[in-house]
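Fold and geometry: a report
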Amino acid sequence: MAKAASDLRRTLQPVFEMLDADSSGSVSTEELAAASEHLQLQLSPSELKQLMIDADKDRSGEIDFEEFAMIIQAQVEEGKGGGFAQRLLRGAAATGDDS
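The residue numbering used here restarts from 1 in each chain and proceeds along that chain's sequence as written. Only residues with pLDDT of at least 70 are given local features in this predicted model, and only at 80 or more are side-chain atom pairs given and counted; all residues enter the totals for whole chains, interfaces and linings. As a rule here, side-chain values cover all heavy atoms of the structure and leave hydrogens and water aside.

By convention here, two paired aromatic rings are described through the distance between centres and the angle between planes. When the centres of two rings from Phe, Tyr and Trp lie within 6.5 Å, Trp using its six-membered ring, the rings pair. Their planes under 30 degrees apart give stacked, over 60 give edge-to-face, and anything left gives tilted. Applying the stated criterion to the full structure yields 3 aromatic pairs. Each ring, one from F16 and one from F65, has its centre 5.5 Å from the other, and the planes form 80°; the classification is edge-to-face. With F16 in helix α1 (residues 2-19) and F65 in helix α4 (residues 65-77), this pair connects stretches of sequence that are 49 residues apart. The class for F65 is buried, based on a relative accessible area of 13%. With 6.5 Å between their ring centres and 45° between their planes, F65 and F68 make a pair best called tilted. Highlighted residues: F65 and F68, both in helix α4, separated by 3 residues, approximately one helical turn. Neither residue differs from the other here; F65 and F68 are each classed as buried. Among the aromatic residues, ring-to-ring pairing joins F16, F65 and F68 into one connected group. Under the DSSP-based scheme used, a helix requires at least four consecutive residues in state H or I and a strand at least two consecutive residues in state E, with every element numbered from the N terminus. Any residue under 20% of the maximum accessible area for its type is buried, any over 50% is exposed, and the rest in between are partly exposed; the area is computed with a 1.4 Å probe on protein chains only.

Next up, the structure:
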């Protein structure tokens with residue numbers, strides 16, 4: 001299981017970097033909304049807000065890589081195939097965004 005988590009984190013790093021448009025090391029609500037639109041994820045404002053609430057454990061107003069990895073890993077482990085995690089990974093792969 002640790003190898004799977006490690007593999008997932010390696011997969012997520014370039015996705016996170018793509019989301020982090022200003023290279024600040026964290027993803028704001030605005031960056032998440034822009035990426036959602038770019039990847040055609042069709043997340044509603046309430047879904048984006050809930051994702052930020054769920055992921056932003058330190059309540060900084062932004063998601064850092066650790067928070068991002070934790071929320072995506074939790075969704076994958078829960079089998080939420082239609083969840084943000086799977087939609088994000090599929091969207092990034094479909095558009096060729098890997099950096």
